[in-house]
Amino acid sequence: MNEDVEMELLSYEEELGKCLNRLKDEYAVLKVGRANPHILDRVYVDYYGSMTPINQTSNISVVDARMITVSPWDNSILHSIKKSIMEANLGVGISDDGKLIRLSFPVLTEERRREVAKDAKKTLEETKVAMRNKRRDVLDVFKSLKKDSKISEDEYNTLDKKVQKLLDDSISSADDLCNKKVHEIMEV
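Residues numbered from 1 in each chain as written. Predicted model: local features only at pLDDT ≥ 70, side-chain atom pairs only at ≥ 80, totals over all residues. Heavy atoms only, no water.

Peer 1: I'd like a rundown of the pattern of salt bridges, residues and numbers included.
Peer 2: As enumerated under the stated definition, the model contains 15 salt bridges in all. Ionic pairing is found between Lys-18 and Glu-14, a salt bridge with its closest N-O pair at 3.9 Å. With a gap of four residues between them, Lys-18 and Glu-14 both fall in helix α1 (residues 3-28), about one helical turn apart. A salt bridge links Glu-15 to Lys-134; the shortest N-O distance between them is 3.4 Å. Residue Glu-15 is found in helix α1, and its partner Lys-134 is found in helix α3 (residues 110-147); the two are separated by 119 residues along the sequence. Classification of Glu-15 by relative accessible area gives partly exposed; the value is 22%. (Salt bridge = Lys/Arg side-chain N within 4 Å of Asp/Glu carboxyl O. Helix = DSSP H or I, 4+ residues; strand = E, 2+ residues; numbered from the N terminus. Buried < 20%, exposed > 50% of the residue type's maximum accessible area, 1.4 Å probe, protein only.)

Peer 1: Outline the sheet that holds strand β3 (residues 58-64), supporting the account with residue identities and numerical values.
Peer 2: Here we have four strands laid out as an open sheet, ordered β3-β4-β6-β5, and antiparallel in their pairing. Because the sheet does not close on itself, it has two edges, and the strands there are β3 and β5 (93-96). Mean inter-strand twist for the sheet, computed between neighbouring axes without regard to direction, equals 20°. One ladder, built from four bridges, connects strand β4 (residues 67-72) with strand β6 (residues 101-104); its direction is antiparallel. Bridge pairing in β6 places Val-70 opposite Ile-101. In the packing of helix α2 (residues 78-88) onto the sheet, contacts are made with β3, β4, β5 and β6, and the angle to β5 comes to roughly 175°. (Pairing = 2+ DSSP bridges. Axes fitted to C-alpha atoms, helices over the stretch in contact; angles between N-to-C directions. Contact = heavy atoms within 4.5 Å.)

Peer 1: Requested: an account of unusual backbone geometry, with residues and values cited.
Peer 2: Although it is not a glycine, Tyr-48 adopts a positive phi angle of roughly 55°. If you trace the backbone, Tyr-48 turns up in the loop between β1 (44-47) and β2 (50-53). Judged by relative accessible area, Tyr-48 falls into the exposed class, the value being 65%. Phi at Ser-149 takes a positive value of approximately 60°, unusual for a residue other than glycine. The residue Ser-149 is located in the loop between α3 and α4 (153-186) in this model.

Peer 1: Can you explain the nonpolar core? Please cite residues and give values.
Peer 2: The biggest cluster of nonpolar side chains holds 29 residues, and the ones touching the most others in it are Met-131 and Phe-142. Of all elements in the fold, only α1, α3 and α4 reach the threshold of two or more residues within this core. Per element, the largest residue contribution to this core is ten residues, and it comes from α4. With residues up to four places along the chain from it excluded, the contact list for Phe-142 reads Val-5, Glu-8, Leu-9, Ile-151, Tyr-156, Leu-159 and Val-163. In this structure, Ile-39, Ile-54, Ile-85 and Ile-101 belong to the second largest nonpolar core, which totals 17 residues. (Core = buried A, V, L, I, M, F, W, Y, C linked by side-chain atoms within 4.5 Å.)

Peer 1: Residues and numbers for the pairing of β3, please.
Peer 2: Sheet analysis places β3 next to β4, joined by six bridges and oriented antiparallel. Paired with Ser-58 across the strands is Pro-72, a residue of β4. Hairpin connection, β3 to β4: the antiparallel pair is bridged by two residues.

Written out as structure tokens, the structure is:
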């Protein structure tokens, strides 16, 4: 196998890994009716003129299964943090006592659980499409190498099977992640 082919395969594997990591990140912030500090990962607050993630301005603690507290290191930004959380529309109850913010997670109804599970499956499908697009791209590169006589027909067929195997393994991992997440969501 020539060096170009090996580099393309490594790049392809890396891209599939990125797709899986993106799926994990999406699932980490998905609401399941339990306190999850990752729900705040995408919430930013104006901290001395720059937009800063909340976890870089405060201590975030899980108090119990349905409550998170956010304790700012600088009390002057408490109201800015509260405002940012409200604007993020996370679907949680928000209260503060002047020193810390409490986020209470409501119990999910059966209907809401089904909606969240449906969202998880939609995210899985989007990930699978992205993975298939990566497969198409790498196979296009291999086709052009074959066309330029840099690899033979047999090498191309071997690479095609290898690329498909990598895709199948990644999709299987993504399916497993989704099944676990859906099970977690539907758990009462």
